[in-house]
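This is what each chain is made of:
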There are 2 protein chains.
Amino acid sequence: MPVQTNQSLSVDCAVFGFDGESLKALLIERPTYNALDRLKLPGSMILENETLPEAAYRVLEEATGLRKRDLYLKQMEIFSDPNRVSGDELEWINRKHGIRTVRVVTVGFYALLKLDRRTTDYTSSKGARWVTVDVIQRLAMDHKEILSTALGHLCREMQQSPVAFELLPKKFTIRALQRLFEAALGIEIDNRNFRKKMLSSGFLHATGEKEQGVAHKPAEYYTFDRSAYRRAVKDKLRMNWV
Amino acid sequence: MPVQTNQSLSVDCAVFGFDGESLKALLIERPTYNALDRLKLPGSMILENETLPEAAYRVLEEATGLRKRDLYLKQMEIFSDPNRVSGDELEWINRKHGIRTVRVVTVGFYALLKLDRRTTDYTSSKGARWVTVDVIQRLAMDHKEILSTALGHLCREMQQSPVAFELLPKKFTIRALQRLFEAALGIEIDNRNFRKKMLSSGFLHATGEKEQGVAHKPAEYYTFDRSAYRRAVKDKLRMNWV
DNA sequence: TTTTGTTTGTGTACGTTATACGCTAACAAA
DNA sequence: TTTGTTAGCGTATAACGTACACAAACAAAA
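Residues numbered from 1 in each chain as written. Chains lettered and ligands numbered in written order. Predicted model: local features only at pLDDT ≥ 70, side-chain atom pairs only at ≥ 80, totals over all residues. Heavy atoms only, no water.

Chemist: I'm lost on the protein's contact with DNA strand D in this one. Help?
Modeler: The environment of DNA strand D is made up of 21 residues, and the closest members are R175, R195, K196 and A215 of chain A together with R192 of chain B. In DNA strand D, atoms within 4 Å of the protein come from the sugar-phosphate backbone in 51% of cases. The separation between a base nitrogen of DNA strand D and a polar side-chain atom of R192 of chain B is 2.7 Å. Measuring from a base nitrogen of DNA strand D, one finds a side-chain N or O atom of N193 of chain B at 2.8 Å. Secondary-structure elements contributing two or more residues to the surface near DNA strand D are α6 (191-201) of chain A together with α6 (191-201) of chain B. For the surface near DNA strand D, a count of residues per class yields six nonpolar, four polar and 11 charged. (Near = heavy atom within 4 Å. Polar contact = N/O pair within 3.5 Å; in protein donor to acceptor, adjacent residues only side chain to side chain. Helix = DSSP H or I, 4+ residues; strand = E, 2+ residues; numbered from the N terminus. Nonpolar A, V, L, I, M, F, W, Y, C, P; charged D, E, K, R; others polar.)

Chemist: Could you clarify how one ought to interpret the packing of helix α1 (residues 52-64) of chain B against helix α3 (residues 117-125) of chain B in this entry?
Modeler: The axes of two packed helices give the description: the angle between them and the distance between them. All names here are of chain B. In contact at an axis separation of 7 Å, α1 and α3 are set at 90 degrees when each is read in the N-to-C sense. Taken together, the axis directions place α1 and α3 in an arrangement best described as roughly perpendicular. On α3, the residues touching E61, E62, A63 and T64 of α1 are T119, Y122 and T123. Residues of the contact of α1 with α3, tallied by class, amount to two nonpolar, three polar and two charged. (Axes fitted to C-alpha atoms, helices over the stretch in contact; angles between N-to-C directions. Parallel < 35°, antiparallel > 145°, perpendicular 65-115°, else oblique. Contact = heavy atoms within 4.5 Å.)

Chemist: What exactly am I supposed to notice about the domain arrangement of chain A here?
Modeler: When the parts of a complex come together, some accessible area is lost, and that lost area is often taken as the interface size. Residue and element names in this part refer to chain A. When the domains of chain A are assigned, the result is domain 1 (5-160) and domain 2 (163-234). Placing the centre of domain 1 and that of domain 2 at their C-alpha centroids yields a distance of 29 Å. Between domain 1 and domain 2, the contact holds 15 residues from the first and 14 residues from the second. Overall, the association of domain 1 and domain 2 removes approximately 1400 Å² of surface from exposure, summing both partners, and the carbon and sulfur fraction of that is 73%. Three residues stand out in domain 1 for area buried against domain 2, namely F18, K114 and M158, and they jointly supply 48% of the buried area on that side. With a closest N to O distance of 3.1 Å, R179 and E21 form a salt bridge. Seen at the junction of domain 1 and domain 2, the total is three residue pairs in polar contact (both at pLDDT 80 or more). (Domains from an automatic or database assignment. Buried area = accessible area lost by both parts, 1.4 Å probe. Salt bridge = Lys/Arg side-chain N within 4 Å of Asp/Glu carboxyl O.)

Chemist: Any chance you could explain the side chain of R84 of chain B here in plain terms?
Modeler: All names here are of chain B. Here R84 shows up in the loop between β5 (72-79) and α2 (87-97). With a relative accessible area of 10%, R84 lands in the buried category. Within the structure, the side chain of R84 is placed 2.9 Å from the backbone oxygen of V104, a separation counted as a polar contact. In this structure the side chain of R84 is engaged in a polar contact, spanning 2.7 Å, whose partner is the side chain of D142. If we skip the residues at most four places from it in the chain, R84 touches D12, F79, V104, V105, T106, M141, D142, H143 and I146. (Buried < 20%, exposed > 50% of the residue type's maximum accessible area, 1.4 Å probe, protein only.)

Chemist: Can you walk me through the relation of the copies chain B and chain A in this structure?
Modeler: A rotation about some axis, followed by a shift along it, carries one copy of the chain onto the other. Rotating chain B by 179 degrees about the axis while translating it 0.0 Å along that axis superimposes it on chain A, leaving an RMSD of 0.1 Å. What the superposition gives is, in effect, a two-fold axis relating one chain to the other. Residue N6 of chain B, judged by its C-alpha, is the member of chain B lying nearest the rotation axis, at 3.1 Å. In this assembly the copies share their binding face: 100% of the residues contributing to the interface of chain B also contribute to that of chain A. (Least-squares fit on C-alpha atoms with pLDDT ≥ 70 in both.)

Chemist: Could you clarify how one ought to interpret the packing of helix α5 (residues 174-185) of chain A against α6 of chain A in this entry?
Modeler: Residues and elements named next belong to chain A. Across the interface, α5 lies against α6 with an axial gap of 10 Å and an inter-helix angle of 110 degrees. With respect to each other, α5 and α6 are oriented roughly perpendicular. Where α5 approaches α6, its residues I174, R175, L177, Q178 and F181 are matched on the opposing element by N191, F194, R195, M198 and L199.

And the structure:
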């Protein structure tokens, strides 16, 4: 078998946001397509002299209006099935870019951002939609598979490092933090033990501000103390599989 | 900037083995090169109609004689610096394959295998060398970076899942298991607590066989009970960053 | 034959962390 | 005033991590 030539490399990003209740993914709508293939993940071909992370940040800025410093980006895996893009989709790509590629290998990224009014306004002006992840049934090409993979990566990483805070506003209640874990991991957590664990970590900083206008005891707002976390870098040996 | 064309995709594999004392990586020797660029990781261009994992398994079988079922393979990250391969190295590749690529993006894999006599015989007949990882100073192109990245992935994964057993023979002593953790993670572990932890997991099965001819109390051989591990799939919520 | 060095393997003690759950406080809305 | 809801504190107990004492088993040296 000869060495593959005339191939293209692309990036596709699963972009996650959290609205306080459920985990959402950002989907791009392609109006000319039929219902089944209408929605896809934000993505792009890689350009000359551009690394993959650079391409991903370019895609994300175009889709969300947010720049590198407001995004958490992580490379996950590569989707290299020789036929993952073929037929109409391959033609669409070749026509769009004026190239003649026979194969598109894509690198999956996932991104986390803080969903606020400005961002949702921007995305909807671009014809993109935030969809609750558990109701997403099907996407164009193999993008559903990429999204599922990203969700798996997110769940694992949320338990290994404090990425959850990338999805929350600067100030958040412990309730919001808990709901995020519950929504992403699909579990229920005891509020009292969760609160105890989070506060005892020393990474949460009480702001003194409280919720207003809620029909229950108002909760205090906290911020994530990143420098305290870094100071406590735990290089403890923990065999988490035992 | 135009879409990148004339690019190539390759796989490079960091292959790890353990000889009971130290962690080794498999390096390919290129006789015609000078000392600095002489050693590289096993790797290859991707062929037509071949996925990346398929390409990696092909490379590994060529380098070690081992097939898919005897290897543990994992994709890690992608190295996409536009200039990671240029000049002489790029010419070498183009000449070797009769192509005219301007850019080579590589996907880093790491592989684990059980180092035995048969495998070392095979690799040395292929002009490859097993080198203790901490003495590797420099490799061709960016392969040193790929190897370091792989080592990081291995260390992390060894603490998250029982991959250590992929590096040990079917029957091993607890001492060997401990030495592997010590060598890979660069730490010292209390033998008594380590033994307790491992045995209490229920994943080790005592064979009844003992070491022979050793100048100390002979240790029992154990096997890893993979099915017991799978049965105990711990989907426990553990926030390891707290 | 005895001693020495080395590693296996058992056991104990103690502090930390996880988990289950009772209870009061504070708010809006009924 | 009552009701529903969530915040936030506390307590008991089991599970786990860590430090370390010590006997047993072997080969090789004395």
